[in-house]
Structure formats: structure tokens, C-alpha cells
Amino acid sequence: MTDSLVALVGNPNCGKTALFNTLTGLRNKVANYPGVTVEVVKSELSKSYGGNCVLIDLPGTYSLSPVSDDEAITSDFLSGAPGQLKPQLIINVLDATQLELGLGLTLDLLRLETPVLVALNMMDLAESSGAVINVDTLARELGVPVVPISATKKWGLNKLSNAIESCISTPQTSKVLDWNDLSSKGDLVHKIALSCTETKGRRSELTARVDKYVLHPVFGPLILLAALALIFQAVFAWAAFPMDLIESFIGKIAELLSTAMPQGLLRDLLVDGIIGGVGSVIVFLPQIVILFSFILFLEDFGYMARASYLMDRIMGTVGLSGKAVIPLVSGLACAVPSILATRSIPSKRDRLLTMMLAPLMTCSARLPVYALLIAAFIPANQFLGMNRQGVVMLLLYVGGVLAVLGVGFVLKATVLPGEAQPLLIELPRYKWPSLKLLGIAILDRARMFLKRAGTFILAVSIVMWAVTTFPRKPEDRAGTDIEYSIAGRLGTVIEPILKPVGFNYEISVALIPGFAAREVMVSALGTVYAIGGESEESKGANLTTFVQETWAPSTAYALLAWYIFSPQCLATFAVLGRESRSLRKTSGIFVFYLALAWLAAFAVFTISSWILS
Amino acid sequence: MLSHAKKGDRGQISKFQPKSPEEVRLVELGFKVGAHYEIVEQAPFSKDPLVIEINGVRIAVRRFLLNHIEVI
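Caption draft 1: Quick look at the overall build of chain B. Per the secondary structure count, chain B includes one helix and five strands. Listing the helices and strands of chain B from first to last along the sequence gives β-α-β-β-β-β. Expected size for 72 residues packed as a compact globule is a radius of gyration near 11 Å; at 11 Å, chain B falls within 12% of this value. In terms of its C-alpha atoms, chain B occupies a principal-axis envelope of roughly 30 × 20 × 20 Å. Residues classed as buried in chain B amount to 57% of the 72 residues present. Within chain B, counting contacts between residues at least 6 apart in sequence, those at least 24 apart form 53% of the total. Just so you have it, chain B exposes about 3,200 Å², and 56% of that area is on carbon and sulfur atoms. For chain B, the distance from the average position of its 11 positive side-chain charges to the average position of its 9 negative side-chain charges is 2 Å.

Quick look at the structure:
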């Protein structure tokens, strides 16, 4: 017998994804803002909850009349769009603290022919806020089984899994609640909510108290800025110690291998190619973990929707809605989920504009490049009470945001004219994130980063080592080994193009694999220099000090400016092409960003050379 | 009109006939005839968008979308 298909449906923020993760044991991220689940996520019900069915987590929606692409995914799926399986059972997750808000969707679901089971989530929160919901009355009114649960506290889940089983084995069609139009539907929702809520709940005190400051016209923006400044300071100050540990550990392994192994190609591949390449990226794990911890915490806490409200006006000046803030902020981690998250933006034009700007946000793959150059060229002394390196990093992030605003302005004036759709977003109640779920999400990100380092970066490192080693220079030829290799020859071709912006030959070579992924440039530089002519003296010295000694500061500054714009990520542009469904726009934006990168680097190099001379 | 409300205003929605999909969404979020609202906050200078609490749910919205909501 094939497994039954069970769909989880509910409002945004109703705890659907938390329930999904708990029931399946899968580590899918939970966040407290609309539009986290933008794709259909599928997993088997874990054995401890009975097994035997496949659970599907659908994007949150308020009704089956979609206004955005992610909501359309849900309604298409449930109505059995051609080529898709229809679920045997719908679990409607209702937020007990906001019953009336959720019941509208419930009434829509009851009109479908699929059996419905209601999981009344966050019962613990509802009770502590003073609302007592009579579960039996609700079940009677709706005509379907209702199971009270708490997904994060894991209670009521066994009852729920029993209910799932019995709903599948004996499917019941629900009593059809009738309404004709939106207003009679609203009346019905109100009547049901009133009949089963025994005491009117007080509104969340925590939310009102925190919002007093967070939404305040003066304190609100200041809090937003302070939160960002804290994140960057933490990414630098707190990460330094674990990074030193990892770095010295990798150095020890490389040293051990190079003394233990005989000289030759294999040793070069292991030490210079693999350990040098992968190691130089793994060092940034602590910074990425810290960055994600902050972003995930703010999402789960419920702050991101507030940030949309605070930024709406500024975003409006470049033709974006405040809703664009949520995908763009997740772009701080990676542009790929950022582009996917734009599906929660209702207007096609706004969505296209947002996804075209997403690659400009300072993603975590830029971090290794920035960190290397900052460590090498910016002194770590105090500046206005902050670490000067932290200040420069903050400026680079601000640079990314200014690039988004500036390019947004240009695109609004040229290819995507018009105004953004007016903002409309629910500000969810603040919730203390479950530390366990938060920890799982952070570990998940760390694992993804390491997996990437172990697969993609490893492969690129080996290819890089090969193209910088072969073909090998015959003994009787003059010049260095690298100049004779494939990469060296390619570098010679692009070097003249990059000379005006201050990039040397080695940078030109390292930028080539950097088009696969930005952070690869760091490992590529490691490889290029380790094999390059001066390698004998530089062996043992790490990349930071080597770069510090051999590059002009203005070259480093130009490279930083280059990286604000440069479209060096295969995955991002692949996803952009898929989501925008336009090869022309995708390639256009690629060329545009490449040109901007060159111009920015040129300007920075010229100006800083002039000042420093 | 709810679109003219100021920070701190409270009241009740008296008439609302949603026409656009966004207005339908407002109804789904609780903007129904008879619902009580309170203006929690508004953006500085332009006073737009604003934050409205309705049925205990907080919603950030541009005034433009509230043009057809009559209140008492």
C-alpha cells in the first residue's frame, strides 16, 4: 500500500512548520514571519508518531483566494492542480491565540472534498493569556475532529497522530457550513469563534510593551540600526577566538602532512590544493554560525515583520515595498533562499525588482573575502569605541544596502517603472524562540556550510590546483610554473581588463573559479600563491600576512568594492533565471553587475591610490 | 474613513465593501463591519504606513488600502 498524503495548512505564523518538524523529525527551519515556507516541503511521518504517511508542509495563507505566488502554491495543491496528487487528509493548523483569524481559512478548507482534521496549536499560550477555548464546541461547530496541541512543547502530538490514523482509515466528509459571500463568511467565523471561546483573551502584554519601543518613530529605527551594529560587532569580536583555533588546527595538519609525505604531486595536491583550499573556507564557520544565530533569532522572535514596517518608507523611494525587507535580509545569509522568499511578495513587478536586487545584499559567501582583506589591511585598533575592523565590515554591509537602493532606483527609472504595491503585513506576536528548535536550525546551517566546503569547494579546489599545476613547465623554459599553466594563460588574457582597477595577475587568476562561488576566490588565491614563484619563502606563512606584504592597500580596497557588486555566483543566477522566467533579464542583470563591479573597483582604486600617494 | 485615522484613535468599522484582492485580504485579516480597531503607531513624517490592532491582531498597512473603510 502506498503511503497516504497528508497536507499541513494554516495561516502564516500558526506553528505549522514547527509541527511539521516535530512530527517528521526533519530539520526544516521555523520562523516567525510570513513567507518562510515558500516551497512544498515533504517528509515521512516519523515512526514514533505512527509512520505510514507522507506529510506535506504548504506555504501559509489566510484563505484559498491567493494574492501571492506562495499562497497560490497552497491553493493549487489543495484543489488538485493537474499533474499533482491530491492529499487524502488536510491537517488545518489553527493558532489558538488568534482563532478568528484562522477560521476563515478553515471554512475554505471545509468546502473542499478532502477530509479535514483541525490541530489547535499554541493552546499553552492561549491559556496563559486568559482565553479558554472549548475544544468540543469547536469540533461540533465545524463538524470535524479538533485536537489541542502545542507543537513546540510537544504535547497532544500522540493524540494528533491517533487522529490522523483514524481520519485516514475512516475518511469522514465534514458537515458543510454554508455561506454565500465574504461578509456572511465573516459573520460565521465570528459566531463560531464566539461560541467556543469562553473568556475573551487579554491581548499579549509582551507584544504591546515591546512594540511601544520597536515601532516607535524615533526608537524604532534606532533599535534597528543598533541590532545591525551589534550583529557585525559580534561577527568580528566573538568569532576571532574560535577562528584562531581552527586556523592553527588546519595549519598543524598541513605541517604534519608535508613532513610525513615525500615531496611530489600527491603531497602538493593534498597540502596546497585540498587543505589549503578547503581550510581557508572552513575558517569562516564561526562567523557564519554567529550571523545565522542572530538572523534566525530575530525571525523566530517576530522582529522581521516589524523591520518591514520600519523600512517601508525608505524602500518605497526605490520602488520596493517594505515586504522586500524580509527576503533581502535573508540575503545577508545567501541570495538563493532570498530569491525564493520573494514569492511572498504579491505584486509581480515588486517581486521581480526584489529578486534582481537580492544578489547585491552582502551574503555570507562574501564574508571570507571581506574578512581576509580586512584582517590584512585594516588595523584592529579602536575607533570611536568600536573595533576598526568591525567598522569597516559594517561599512561594507551598508555599501551593499546602498547598492540595493541605488540600483533599485535605476531599475525603477528604467526597466521596471511604477510604484510598489502598498504594504499590508501581519505583525505576529512576539514569541521567545524555542532554544532547541533554534539550535537545530543553526546546526543545520553550519552543516550545510561544511557540506558545501566538503563537496563543492573541495571539487573546485582540486580543479583549481589542477589548472594552476598543468600543463607543467618544462625545465628549460624561463618564467614561473603558474604562468605556464592553464589558469596562468587565462589570467594573462583577462589581466589587461583588470589592470586599470588595480588587480594583479594572481587576483585575475583567482577570480576565474570565483565565478562558480564567491568564497572560492579565497581558496583559489591560497592555491595560486602556494604554487606561484615566490612560494618557497611564503610557505608556512598564512594567506593574510602574505597578501598584506605583497599587495598595495588600494588594490585591496578596490577588490572590496568589486565584491559589493560582482555577480560571482553560479547558483544565484541559476535560481534567478528560474524564478524570473526570463533569460534576457537574468543575463542583462549579470552583465550590468559585472560592469558596476568594474566601475566601483576602478573608482576606489584610482581615488585611494591618489590619496595614498 | 479609516485612512484618515490618527495614532491613538479607536473605533468600530461601520461599512466596508471589499473590491480588490488586497481589500479581500483585509477582511480575512479581521477588517469586518463591527470590528473594533485601535491605531497603535504611525510612521514618522508621512504618517504612512500605520499599525492597526484589530481583534488582537496587529497589522502594518498603507493608508491607501484603507480608503474604502468607513468607521464610527
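From this point, things continue past the structure.
Caption draft 2: Representation of the sheet that holds strand S2 (residues 36-42) of chain B. Reading across from one edge, S9(A)-S4(B)-S3(B)-S2(B)-S1(B)-S5(B) is the order of the six strands in this open sheet, with antiparallel pairing throughout. Either end of the sheet is taken by a strand with one partner, and the two such strands are strand S9 (424-427) of chain A together with strand S5 (69-71) of chain B. When the angles between neighbouring strand axes are averaged without regard to direction, this sheet yields 40°. Alignment of S9(A) against strand S4 (residues 57-61) of chain B, held across four bridges, turns out to be antiparallel. The residue bridging A:Ile425 from the neighbouring strand is B:Ala60, located in S4(B).

Caption draft 3: Just the side chain of A:Glu506, in detail. Residues and elements named next belong to chain A. Positionally, Glu506 belongs in helix H22 (residues 505-511). Nearest to the buried, unbridged Glu506 among oppositely charged side chains is Lys499, at 10.0 Å. Other than its neighbours up to four places away in sequence, Glu506 contacts Leu525, Val528 and Tyr529.

Caption draft 4: How the structure looks around the interface of chain A and chain B. Between chain A and chain B, the contact holds 30 residues from the first and 31 residues from the second. Note on chain A versus chain B: buried area summed over both sides is about 2,800 Å², and carbon and sulfur give 60% of it. Its largest share of buried area at the contact with chain B, chain A owes to A:Tyr309, A:Arg313 and A:Leu424, together 23% of the area lost on that side. Scanning the region where chain A abuts chain B turns up four salt bridges. Summed over the shared surface of chain A and chain B, the result is 12 residue pairs in polar contact (both at pLDDT 80 or more). Broken down by secondary-structure element, the contributors of at least two residues to the side of chain A that touches chain B are helix H3 (99-110), helix H7 (182-196), helix H8 (205-214), helix H13 (303-317) and S9 of chain A.

Caption draft 5: Main features of a nonpolar patch on the surface. A cluster of nonpolar side chains, namely A:Tyr213, A:Val218, A:Phe219, A:Leu222 and A:Ile223, defines an oily patch on the protein surface of about 470 Å² accessible area. Within the fold, A:Ile223 resides in helix H9 (residues 219-237).

Caption draft 6: Spatial organisation of the pairing of strand S3 (residues 53-57) of chain A. All names here are of chain A. In terms of burial, S3 is largely enclosed, as five of its five residues are buried. Pairing geometry for strand S1 (residues 4-10) and S3, over five bridges, is parallel. Considered in S3, the bridge of Ala7 is made with Ile56.

Caption draft 7: The environment of A:Phe565, seen in detail. Residue and element names in this part refer to chain A. As for its placement among the helices and strands, Phe565 is situated in helix H26 (residues 553-565). Judged by relative accessible area, which is 16%, Phe565 ranks as buried. Note: C-alpha distance between Phe565 and Leu117 (448 residues apart in sequence) is 49 Å. The residues contacting Phe565, other than those within four sequence positions of it, are Leu360, Ala403, Tyr593, Leu596, Ala597 and Ala600.

Caption draft 8: Highlighting the confidence of the model for chain A. Residues and elements named next belong to chain A. The predicted model of chain A has a mean per-residue pLDDT of 83, with 92% of residues at 70 or higher. Confidence, expressed as mean pLDDT per element, reaches its minimum in chain A at helix H24 (residues 535-538) with 42 and its maximum at helix H28 (residues 583-612) with 95. Counting interchain partners and residues more than four positions distant, the pLDDT-below-50 stretch residues 30-36 has 28 contacts. A low-confidence stretch, residues 532-541 (pLDDT under 50), is modelled with 10 contacts involving residues beyond four sequence positions or located in other chains.

Caption draft 9: Examining the nonpolar core more closely. Residue and element names in this part refer to chain A. Counting 131 residues, the largest nonpolar core has Leu357, Phe503, Trp551, Leu559 and Trp562 as the members making the most contacts within it. Ranked by the residues each element gives to this core, the list is headed by helix H12 (residues 285-301), at 10 residues. Beyond its immediate sequence surroundings of up to four residues, Phe503 is in contact with Leu498, Ser508, Leu511, Thr555, Ala558, Leu559, Trp562 and Ala601.

Caption draft 10: A look at the packing of aromatic side chains. All names here are of chain A. Per the stated rule, a full pass over the model turns up 12 aromatic pairs over all chains. Ring centres of Tyr213 and Phe219 lie 6.3 Å apart, and the angle between their planes is 50°; on these two criteria the pair is classed as tilted. A residue is classified by how much of its surface remains accessible, and Phe219, at 41% relative accessible area, is partly exposed. Ring centres of Phe515 and Phe590 lie 6.4 Å apart, and the angle between their planes is 55°; this geometry places the pair in the tilted category. One end of the pair, Phe515, is in the loop between H22 and helix H23 (520-531); the other, Phe590, is in helix H28, with 75 residues separating them in the sequence. For Phe515, a relative accessible area of 27% translates into the label partly exposed.

Caption draft 11: Highlighting H8(A). Residue and element names in this part refer to chain A. Every buried residue of H8 is listed here: Thr207, Ala208, Asp211 and Val214. Seen end-on, H8 carries its buried residues on one side only, within an arc spanning 135°. Among the exposed residues of H8, those oriented more than 90 degrees off its buried face are Arg209 and Lys212.

Caption draft 12: Quick peek at the pattern of salt bridges. Evaluation of the coordinates by the stated rule reveals 20 salt bridges over all chains. For the salt bridge of B:Glu38 with B:Arg10, the shortest nitrogen-to-oxygen distance reads 3.7 Å. In this pair, B:Glu38 is assigned in strand S2 and B:Arg10 in strand S1 (residues 10-16), connecting sequence segments 28 residues apart. Overall, B:Glu38 belongs to the buried group, its relative accessible area being 18%. On the basis of relative accessibility, which here comes to 63%, the residue B:Arg10 falls in the exposed class. Residue B:Glu28 is joined to B:Arg25 by a salt bridge in which the shortest nitrogen-to-oxygen separation is 2.8 Å. Remark: B:Arg25 and B:Glu28 occur in helix H1 (residues 21-28); sequence separation between them is three residues, near one turn of the helix. Judged by relative accessible area, which is 10%, B:Glu28 ranks as buried. It is possible to trace a salt-bridge network through shared partners that takes in A:Asp69, A:Arg343, A:Lys348, A:Arg351, A:Arg578 and A:Glu579.

Calculation notes
Residues numbered from 1 in each chain as written. Chains lettered and ligands numbered in written order. Predicted model: local features only at pLDDT ≥ 70, side-chain atom pairs only at ≥ 80, totals over all residues. Heavy atoms only, no water. Helix = DSSP H or I, 4+ residues; strand = E, 2+ residues; numbered from the N terminus. Rg over C-alpha atoms; globule rule 2.2 N^0.38 Å. Buried < 20%, exposed > 50% of the residue type's maximum accessible area, 1.4 Å probe, protein only. Contact = heavy atoms within 4.5 Å. Areas by Shrake-Rupley, 256 points an atom, 1.4 Å probe, with all protein chains shown as cover. Lys, Arg positive; Asp, Glu negative; His and termini not counted. Charge placed at Lys NZ, Arg CZ, Asp CG, Glu CD. Pairing = 2+ DSSP bridges. Axes fitted to C-alpha atoms, helices over the stretch in contact; angles between N-to-C directions. Salt bridge = Lys/Arg side-chain N within 4 Å of Asp/Glu carboxyl O. Buried area = accessible area lost by both parts, 1.4 Å probe. Polar contact = N/O pair within 3.5 Å; in protein donor to acceptor, adjacent residues only side chain to side chain. Patch = residues over 30% accessible without salt bridge, like charges linked within 9 Å, V, L, I, M, F, W, Y side chains within 5 Å. pLDDT = per-residue confidence, 0-100. Core = buried A, V, L, I, M, F, W, Y, C linked by side-chain atoms within 4.5 Å. Phe/Tyr/Trp six-rings, centres within 6.5 Å; stacked < 30°, edge-to-face > 60°. Arc of directions from axis to C-beta.

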